[in-house]
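Fold and contact review
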Amino acid sequence: MMSVLTGKKKSNIVKDWRQQPKSIEKFQFVHHFLPHPEQQKRATLLSNRAIVIYCLAMLLIAGVFRFLPKVVPGVLGYASDITVKDLLTYTNARRKDAGLSELRLNSALTSAAHQKAEDMFKDQYWAHISPDGTEPWDFILGQNYDYIYAGENLAKNFSNSKDVVEAWMKSTSHKENLLSPNYDEIGFAVVNGVIEGYETTLVVQMFGRPRNAAQVASVYEEQTVLEKEATAAVSERVELPATEGTSESLQQPVYTQALPENPALDVTVATKTVSAVFGGFVGTLLALDVWYSKRKGIHKFTGHTVAHLGILVLVVASIWFVLTPGIVL
Amino acid sequence: MKEKTDTHLVEYAVLLSLAAIISLLFYYFRYDHRVLIFLSGVASFGYVLWGIIHHAVEGRLTKFIAAEYAVFGVLIFFLLYTVLSF
């Protein structure tokens, strides 16, 4: 059975319907989400004013994420799963691909890297040269590592070892260090701590070629360093007992590797979620707009909804699948 | 009518090409947040410009439509900036 409304009947229905306040409320509520057939407009929640409000809300949330670590340090941070073994494997794999010799893990360079990381946490800086002018070479020389060539790469806020090495490879100056034929040895530090209020993991990579070629770390020494890193207690500093005849520079603490330490709120997940929620909400309303307008034959005098939707889908997909946290220096 | 459809297709092809180029650049520079923030700005501005030119060519450009593209451009930028600034 089919019923066709004539123009007069239809206008009577509309008239009756308009006299019922509850129906009007329902109509108004529905059109927060669906386009208006009569006004030929998008849903109220897709109006220009609503979009401006979403932008301001995102700005406010980003402001809270900036302000919160200053009030409660460490509550926000970057979760990570970075290990020295993986960093060494990926670094040497890259060198092997470039036809270069593999680097051997050296205990003195490892200690120097740990000291550098601890110094950055202690003095709250993120740079190759500390605020008091200490250079990377000072940490290396402090470990009695006499070198011909030396270099340093830094990274922070990364979630895994592969991304750290990939990020260094994407940067010309870091890549030069990573693929330099002038180095024989390497040292890593992966240390957790709070910097600028955010719980994070700093990665320090130090390269060197000892003046005396006979001093290049042996396979045994490399294994010892790796085992020490693997079995180390979480973020503990183990002080070497001072032995007779040991110079002060040799009494530097041996830092152990920090195991993954997750903050209360992972800032990467939090910001991605905020963007996905707002982008997803607007995207859903745009998709509803396309579907409902087509179904009801609504012709609106607006911009192209499909274009907005397409761009939004691309942006949200990029945020989830392309953007990775982390900065190299 | 056919001419209008052709123009429409060309304009959408331009938008798709720009989106593809920006996506590739995004992937290439995925570890450099400063470049990505710059690219986000370029992409947002490009989209606003595309919308305005597209509607001007169609003869349907109004202040309201221009404002709509502007706020969508800002929204796109903020969606990316919220993630990239941390």
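Fair warning: this is a prediction, and the values are worked out from it, not measured in the lab.

What counts as what
Residues numbered from 1 in each chain as written. Chains lettered and ligands numbered in written order. Predicted model: local features only at pLDDT ≥ 70, side-chain atom pairs only at ≥ 80, totals over all residues. Heavy atoms only, no water. Helix = DSSP H or I, 4+ residues; strand = E, 2+ residues; numbered from the N terminus. Expected span 1.5 Å × (residues − 1). Buried < 20%, exposed > 50% of the residue type's maximum accessible area, 1.4 Å probe, protein only. Polar contact = N/O pair within 3.5 Å; in protein donor to acceptor, adjacent residues only side chain to side chain. Core = buried A, V, L, I, M, F, W, Y, C linked by side-chain atoms within 4.5 Å. Salt bridge = Lys/Arg side-chain N within 4 Å of Asp/Glu carboxyl O. UniProt positions renumbered as here; feature names shortened; annotations may be inferred. Pairing = 2+ DSSP bridges.

**Some words on helix 5 (residues 107–123) of chain A**
Residues and elements named next belong to chain A. Across its 17 residues, helix 5 extends 24 Å between first and last C-alpha, which sits within 8% of the 24 Å expected from 1.5 Å per residue. The buried fraction of helix 5 amounts to 13 of the 17 residues, a majority that puts the element mostly inside the structure. Between the side-chain oxygen at the start of helix 5 and the backbone nitrogen of A108 there is a gap of 2.7 Å, and the oxygen is on N106. Phi for Q124, located one or two positions after helix 5, is positive at around 50 degrees.

**A closer look at the nonpolar core**
Considering soluble globular proteins, one finds that nonpolar side chains tend to be buried as a cluster. One finds V282 of chain A together with Y47 and L75 of chain B to be the most contacted residues of the largest nonpolar core, which totals 45 residues. For this core, the secondary structure elements donating two or more residues are helix 3 (48–71), helix 10 (267–296) and helix 11 (305–321) of chain A together with helix 1 (2–28), helix 2 (33–58) and helix 3 (63–84) of chain B. Considering every element that reaches this core, the biggest residue donor is helix 3 of chain B, with eleven residues. The next biggest cluster of nonpolar side chains, apart from the first, holds 25 residues, and it includes A155, V164, Y183 and V225 of chain A.

**So, the pattern of salt bridges**
Two side chains of opposite charge can pair, provided their charged atoms sit close to one another. Scanning all chains against the criterion turns up eight salt bridges over all chains. With its nearest N and O atoms 3.6 Å apart, the salt bridge here joins D123 of chain A to K122 of chain A.

**Some thoughts on the UniProt feature "transmembrane region" (unreviewed entry) in chain A**
Residues and elements named next belong to chain A. The UniProt record annotates "transmembrane region" (unreviewed entry) at residues 51–68, 274–293 and 305–323. Structurally, residues 274–293 is divided into 100% helix and 0% strand, and its ends, taken at the C-alpha atoms, are 28 Å apart. Across residues 305–323, helical content stands at 89% and strand content at 0%; the span's end C-alpha atoms are separated by 26 Å.

**A look at the pairing of strand 5 (residues 198–210) of chain A**
All names here are of chain A. Counting buried positions along strand 5 gives twelve out of 13 residues, so the element sits mostly inside the fold. Relative to strand 5, strand 3 (residues 147–156) runs antiparallel, the two being bridged by nine bridges. The residue bridging A150 from the neighbouring strand is G208, located in strand 5. As judged from the eleven bridges shared by strand 4 (residues 185–195) and strand 5, these two strands associate in the antiparallel manner. Paired with A189 across the bridge in strand 5 is V204. As consecutive antiparallel partners, strand 4 and strand 5 are separated by two residues, and within that stretch E196 has a phi angle of approximately 55 degrees, a positive value.

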